[in-house]
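# Remarks on the overall topology
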There are 2 protein chains.
Amino acid sequence: MTQDKVKLFGVWQSPFVLRVKCALKLKGVEYEYVEDDLLNKSSMLLQYNLVYKKVPVLVHNGKPIVESLVILEYIDEVWKNHSLLPEDPLEKARSRFWAKFVDDKFVPVISKMLRVTPAHKENVAKDAREILKTLESCLNPDVQFSEGNKLTYMDIAIVWVGYYAQILEKILDVKLLDDDNSPLLNKWFKDVFDHEVIRECLPPFDKLVAHYTNFHEQHMTVDD
Amino acid sequence: MTQDKVKLFGVWQSPFVLRVKCALKLKGVEYEYVEDDLLNKSSMLLQYNLVYKKVPVLVHNGKPIVESLVILEYIDEVWKNHSLLPEDPLEKARSRFWAKFVDDKFVPVISKMLRVTPAHKENVAKDAREILKTLESCLNPDVQFSEGNKLTYMDIAIVWVGYYAQILEKILDVKLLDDDNSPLLNKWFKDVFDHEVIRECLPPFDKLVAHYTNFHEQHMTVDD
């Protein structure tokens, strides 16, 4: 692997870039990180991700791979140490299902929360709590999160949900990660946040709060 | 594999069920097909897909797997004959990327086309052609579709796009699969439609046209 040249294009605040950073760190892959600018995208980013023009983009020996969950699978296949996905096809399917679930369901709600007017924040918070409650339902004895202290694909695909939920709680002064609503999930997020690899990769909490408070103040348009 | 019990819950008109039928047929997996009713969903479906309550659901030895692309990966991992996904991690990533692309981009446009008023059909058709043009761009010498006569994950993940585009052309009297716009894609769709497994799995064209004409007549509300 000494000839491998790995580059990651990202922006510091992105939960999807976070996933890739965690996976590379867990695998011990050395890489060059390139911080891009979403308001003034680099020509390299536009060239590497022609379709979406978005980060993260992983460039491995000159070849770009895009979409964070696709990148996670790629990393797991190329660097075999510390497997991220479970061996069992059924467990693997469940991991993929829940990773897709949070992208399909939580991303639009976050986007709405970052644009909601104060008068309507409780409605949107309720939607978010519903999604977290559904996510909670995957935490049953059949599905292992963070078995032992070994982070999995599920852990690094979903950890951002807990972190960004806390950010939104702070910005909007609402309750999302309520112990009555999602006790197992809250416990699991706390465990994952405590893992040293995750701690090293998470963007600074206060910096995120400041960044998204600013964003929210400029984009308050959602009032349903 | 003689003890395997495989059941597929579907509806005949679903492009996502089509994917799963093709994969099972290619692998030679014997299964029981259960036609569900979207207007009156069976208790089995609701039980097996608690989160989305949607088809397809594959039930393998009593365990449900949901989401068509997750199911394709599962089938490819459990039944090893006739590999669907390529061996190379980079090619695999590209296949996953394009399969996700059509779900993210083409599904909402189809949904809009099935609801568009006649006055606005050309606007939506234009959006659809843009997506097909982007999809066309993946047909370069680096990416092999239908190499030889061997169907791949890409083929069965994307074949529905061509088929349902033809259905929409018929219902709305618009041009989507224009040779000026997407010549390689059109050629590829024709080749895949000709494969005997695909021919056996595709829902009857005229039945689909009648079904979606009826749907369109009842849902014409999109006027932008």
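Not measured: the values here are computed from a predicted model.

Attention shifts here to the side chain of Asp76(A). Residue placement: Asp76(A) occurs in helix 3 (residues 68–78). A distance of 2.7 Å separates the side chain of Asp76(A) from the side chain of Lys27(A), its partner in a polar contact.

Residue and element names in this part refer to chain A. In space, the four strands of this open sheet follow the order 2-1-3-4, with mixed pairing throughout. A strand with exactly one partner marks an edge of an open sheet, and here the two such strands are strand 2 (32–35) and strand 4 (63–66). For this sheet the average axis-to-axis angle between neighbouring strands, irrespective of direction, equals 20°. Strand contacts of helix 1 (residues 15–27): strand 1 (6–10), strand 2 and strand 3 (57–60), with the helix running at about 155° to strand 1, the strand carrying the most contacts.

Next up on the list: the layout of surface pockets. The space that makes up the largest pocket amounts to roughly 1300 Å³. For the largest pocket, the lining is made up of 42 residues, of which Ser14(B), Pro15(B), Phe16(B), Leu38(B) and Tyr212(B) are closest to its centre. Contributions of two or more residues to the lining of the largest pocket are made by helix 4 (89–113) of chain A together with helix 1 (15–27), helix 3 (68–78), helix 4 (89–113), helix 6 (153–172) and helix 9 (205–218) of chain B. Class assignment for the residues of the lining of the largest pocket results in 20 nonpolar, nine polar and 13 charged. Roughly 1100 Å³ of internal volume is contained in the second largest pocket.

Each value, and the rule that gives it
- Residues numbered from 1 in each chain as written.
- Chains lettered and ligands numbered in written order.
- Predicted model: local features only at pLDDT ≥ 70, side-chain atom pairs only at ≥ 80, totals over all residues.
- Heavy atoms only, no water.
- Helix = DSSP H or I, 4+ residues; strand = E, 2+ residues; numbered from the N terminus.
- Polar contact = N/O pair within 3.5 Å; in protein donor to acceptor, adjacent residues only side chain to side chain.
- Pairing = 2+ DSSP bridges.
- Axes fitted to C-alpha atoms, helices over the stretch in contact; angles between N-to-C directions.
- Contact = heavy atoms within 4.5 Å.
- 1 Å grid on protein atoms, 1.4 Å probe; cavity = no way out; pocket = protein on both sides within 12 Å on 5 of 7 lines; lining within 4 Å.
- Points joined across faces, edges and corners; volume = space filled by probe spheres on them.
- Nonpolar A, V, L, I, M, F, W, Y, C, P; charged D, E, K, R; others polar.

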